[in-house]
Amino acid sequence: MASAISKTIGRDSACDLVLDDATVADLHARIELADDGCLHVHDTGSASGTWLRRNEQNVRVMRATLCVGDQVRFGDVSVATGELSRLFPTLEDVRLLPRPSHLVPEPPRRNNDGEVSDKPRRNPSTGKVEDESILS
């Protein structure tokens, strides 16, 4: 491939993938197909965020490399990595990476009522949402 290709995701009808939901920004994120075939998601500063679900963990990301089996949530709308890869005209150029082995699945988080929680992972020491540096 000669250069990276970028597609847009958002609520605006001009986006390549239109998600009609109030939690999705007009231009919420970009998906980039890099020269090496890897897919990257870039949040554009959306208020409700872009979240990556991998190995039973939800992490808010500004930029992440996508792997096989990942789910990406734009606001409240989840999209499978396979669907995102179909945004590109030549699928044979897309190379989804296997999930990294350094992210070990954790048991599901449960709230006080014993229900499974899908809230993002927070660092127990700082209380901050884990950053995307472990994901790319």
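Heads up: the structure comes first, above all this text.
All of these numbers come straight from a predicted model, not from anything done at the bench.

**Section: the nonpolar core**
Soluble, globular proteins show a tendency: their nonpolar side chains are buried together. Counting 21 residues, the largest nonpolar core has Leu19, Ile31, Val41, Leu66, Phe74 and Leu84 as the members making the most contacts within it. If you list the elements that add at least two residues to this core, you get strand E3 (29-33), strand E4 (39-43), strand E6 (57-61), strand E8 (71-74) and strand E9 (77-80). With three residues, E3 is the largest single contributor of residues to this core. Non-local contacts of Val41, meaning those with residues more than four positions away in its chain, are made with Ala29, Arg30, Ile31, Thr50, Val61, Met62, Arg63, Ala64, Leu66, Val72 and Phe74.

**Focus: the environment of Ala14**
Mapped onto the secondary structure, Ala14 falls in the loop between strand E1 (5-10) and strand E2 (17-18). Note on Ala14: relative accessible area 67%, which makes it exposed. Spatially, the C-alpha atom of Ala14 lies 9.1 Å from that of Leu27, the residues being 13 residues apart in sequence.

**Considering the side chain of His28**
Mapped onto the elements, His28 comes out in the loop between E2 and E3. Under the relative-accessibility criterion, His28 is labelled buried at 0%. Here Ala25 takes part through its backbone nitrogen, which lies 3.0 Å from a polar atom of the side chain of His28. His28 has contacts with Ile9, Gly10, Thr23, His42, Asp43, Thr44, Ser46, Ser48, Gly49, Thr50, Phe74 and Gly75, leaving out every residue within four places of it along the chain.

**Observations regarding the sheet that holds E9**
Here four strands make up an open sheet; going across it, the order is E6-E5-E8-E9 and the pairing antiparallel. Each of the sheet's edge strands pairs with one partner strand only, and the pair in question is E6 and E9. Across this sheet, the average inter-strand angle for adjacent strands is 25 degrees, counted without regard to direction. For E8 and E9, the ladder comprises four bridges, and the chain directions are antiparallel. What sits directly across from Gln71, in E9, is Ala80.

**So, the pairing of E6**
Consecutive side chains of a regular strand alternate in pointing toward one face of the sheet and then the other. Here E6 lies mainly inside the structure; four of its five residues are buried. Two strands pair when backbone bridges link them, and strand E5 (residues 50-54) and E6 are joined in this way by five bridges, in the antiparallel orientation. Within E6, the position partnered with Arg54 by the bridge is Gln57. Between E5 and E6, which follow one another and run antiparallel, lie two residues, and Asn55 among them has a positive phi close to 50 degrees.

Thresholds, definitions, all that
- Residues numbered from 1 in each chain as written.
- Predicted model: local features only at pLDDT ≥ 70, side-chain atom pairs only at ≥ 80, totals over all residues.
- Heavy atoms only, no water.
- Core = buried A, V, L, I, M, F, W, Y, C linked by side-chain atoms within 4.5 Å.
- Buried < 20%, exposed > 50% of the residue type's maximum accessible area, 1.4 Å probe, protein only.
- Helix = DSSP H or I, 4+ residues; strand = E, 2+ residues; numbered from the N terminus.
- Contact = heavy atoms within 4.5 Å.
- Polar contact = N/O pair within 3.5 Å; in protein donor to acceptor, adjacent residues only side chain to side chain.
- Pairing = 2+ DSSP bridges.
- Axes fitted to C-alpha atoms, helices over the stretch in contact; angles between N-to-C directions.

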